[in-house]
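The primary structure of each chain is shown beneath.
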Amino acid sequence: MADTVRIGLIGVGRIGKIHAENSAQRVPGARLEGIADIVLPQEQVSWARGLGVRLLSTDPQDILKDPAIDGVVICSATDTHADLIIAAAAAGKHIFCEKPIDLSVPRVKAALAAVKEAGVTLQIGFNRRFDHNFRRIRELIQAGDLGTVQLIKITSRDPAPPPPAYVAGSGGIFMDMMIHDFDMARFQAGSEITQVYAAGAVLIDPEIGKAGDVDTAIVTLTFANGALGVIDNSRKAVYGYDQRVEVFGSKGAALAENDLPNQVRVSTAAGVTGEKPLHFFLERYKEAYIAELASFVDAVLHHSPPKVSGADGLENMYAALAAGKSLKEKRPVFIDEVRVA
């Protein structure tokens, strides 16, 4: 059995750089062979050469047709994901793809069909499942320590809103931001979401509203196993990146608080103070990004199912689409209403 997965990475934006450096330096069993991006300025070239990359190209096809590459990590723009998955599967490459697979259900299904036909591994980048805090809650649930899961509460608030131009092409708050929370809710519940009810408003940046989106949202969830859930999202929390999960069950509850730079609390006559949460996702989920890529490498080497499958990506997309429909129509929406044959 092989002991190394030779990786080609496509797209070196913020998350692409993280995955590239993790592949090259931090994930046992991974070796970064190639990088492709439609724009590779000299600064990027120097950075990639410093990682020991053999192949650099502005054409992703050079990654896909290289016989020395076993798997591809797709970090390019969302509208390229499905086509790259299909092409990578046809080339016999295993695939790690950032979320979402696409904004169109038929295109997602076409990508998943190509993966199935090729018999390759596909893992989707829902990294929060690999966070040490959230994973511990899931372990407690699986061990029966919390009893039957009854309520799930998820808070996810960004430190600053994205530019309106980004919002316009992102699929909106449910597809771009809350989709991570839909995945976390399904992960913790161990059950599929059957119904959502969304409320949203533009309370932070009027330009986001002009782009056709909301910047503040709450969604209630109903699961197939009878559990209930609630997710709240905000595009701007002035105190930092707010990421909390609570699961309440028949035997007890578990709460994952924010990660802080340190745990020191200072008590004086003026009050009790502590650190703000870690600033944003690159800091907060640094270890989770390493763990998810290590999981992908392990799945490829041992021919085992990925921890986050293409089917997971599709279910999360259904929840996001249902939330958008609920917000627009001001009513609860069953997931089955947005499934496309």
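Structural data are supplied above this passage.
A brief structural summary.

Looking only at helices and strands, the protein chain has 13 helices and 15 strands in total. Referenced to the eigenvectors of the C-alpha coordinate spread, the extents of the protein chain come out at roughly 55 × 55 × 45 Å. Looking at the protein chain as a whole, 51% of its 341 residues are labelled buried. Put simply, 70% of the contacts in the protein chain that link residues at least 6 apart link residues at least 24 apart. Accessible area of the protein chain: about 15,100 Å², with a carbon and sulfur share of 55%. Computed over 36 positive and 41 negative side-chain charges, the inter-centroid distance for the protein chain is 2 Å.

Spatial ordering of the open sheet is given by β12-β11-β7-β10-β9-β8-β15, a layout of seven strands whose pairing is mixed. Of all strands in the sheet, those bounded by a partner on one side alone are β12 (253-256) and β15 (333-334). Strands in contact with helix α13 (residues 310-329) are β8 (193-201), β9 (216-223) and β15; relative to β8, the strand with the most contacts, it is inclined by about 50 degrees.

In this section: the sheet that holds strand β5 (residues 94-97). The strand order across the open sheet formed by six strands is β3-β2-β1-β4-β5-β6, and the pairing between neighbours is parallel. Two strands close off the open sheet at either side, each with one partner strand: β3 (55-57) and β6 (122-124). Across the sheet, the axes of successive neighbouring strands diverge by a mean angle of 20 degrees, strand direction being ignored. In this sheet, β6 lies alongside β5 in parallel orientation, the contact comprising three bridges. Looking at β6, one finds that Cys 97 is bridged to Ile 124. Sitting on the sheet, helix α4 (residues 78-90) touches β1 (5-10), β4 (71-74), β5 and β6, and the angle it makes with β5 is about 165 degrees. Seen against the sheet, helix α12 (residues 286-302) touches β1, β2 (30-36), β4, β5 and β6 and runs at an angle of roughly 165 degrees to β5.

Backbone torsion omega between Lys 99 and Pro 100 reads -15 degrees, so that peptide bond is classified as cis. One can find Pro 100 in the loop between β5 and α5 (105-118). For His 303, which is not a glycine, the phi torsion comes out positive at approximately 55 degrees. With respect to the helices and strands, the residue His 303 is situated in the loop between α12 and α13. Owing to a relative accessible area of 69%, His 303 belongs among the exposed residues under this scheme. A positive phi is found at Lys 330, a non-glycine position, where the angle reads about 55 degrees.

Close contact between helix α1 (residues 14-25) and α12 brings their axes to 10 Å; oriented N to C, the two are set at 60 degrees. When you trace α1 past α12, the crossing you get is right-handed. Residues Ile 15, Ile 18, His 19, Asn 22 and Ser 23 of α1 form the contact with α12, whose own contacting residues are Tyr 289, Ile 290, Glu 292 and Leu 293. Looking at the contact of α1 with α12 residue by residue, the class counts come to five nonpolar, three polar and one charged.

Turning our eyes to something else, we now look at α4. By the burial criterion, the buried members of α4 are His 81, Ala 82, Leu 84, Ile 85, Ala 88 and Ala 89. In this structure, the buried side of α4 is in contact with β1, α3 (60-64), β4, β5, α5 and β6. Positive phi appears at Gly 92, one or two residues downstream of α4, with a value of about 80 degrees.

The next point concerns the environment of Arg 107. Its place among the elements puts Arg 107 in helix α5. Sequence separation of Arg 107 and Gly 169 is 62 residues, and the distance between their C-alpha atoms is 17 Å. If sequence neighbours within four positions are ignored, Arg 107 has contacts with Asp 79, Ala 82, Asp 83 and Asp 102.

Turning our attention to the nonpolar core. Counting 102 residues, the largest nonpolar core has Ile 35, Ile 85, Ile 95, Phe 174, Phe 182, Val 219 and Leu 221 as the members making the most contacts within it. The leading source of residues in this core is α12, at eight residues.

How each quantity is defined
- Residues numbered from 1 in each chain as written.
- Predicted model: local features only at pLDDT ≥ 70, side-chain atom pairs only at ≥ 80, totals over all residues.
- Heavy atoms only, no water.
- Helix = DSSP H or I, 4+ residues; strand = E, 2+ residues; numbered from the N terminus.
- Buried < 20%, exposed > 50% of the residue type's maximum accessible area, 1.4 Å probe, protein only.
- Contact = heavy atoms within 4.5 Å.
- Areas by Shrake-Rupley, 256 points an atom, 1.4 Å probe, with all protein chains shown as cover.
- Lys, Arg positive; Asp, Glu negative; His and termini not counted.
- Charge placed at Lys NZ, Arg CZ, Asp CG, Glu CD.
- Pairing = 2+ DSSP bridges.
- Axes fitted to C-alpha atoms, helices over the stretch in contact; angles between N-to-C directions.
- Left-handed = near helix turned anticlockwise from the far one by under 90°.
- Nonpolar A, V, L, I, M, F, W, Y, C, P; charged D, E, K, R; others polar.
- Core = buried A, V, L, I, M, F, W, Y, C linked by side-chain atoms within 4.5 Å.

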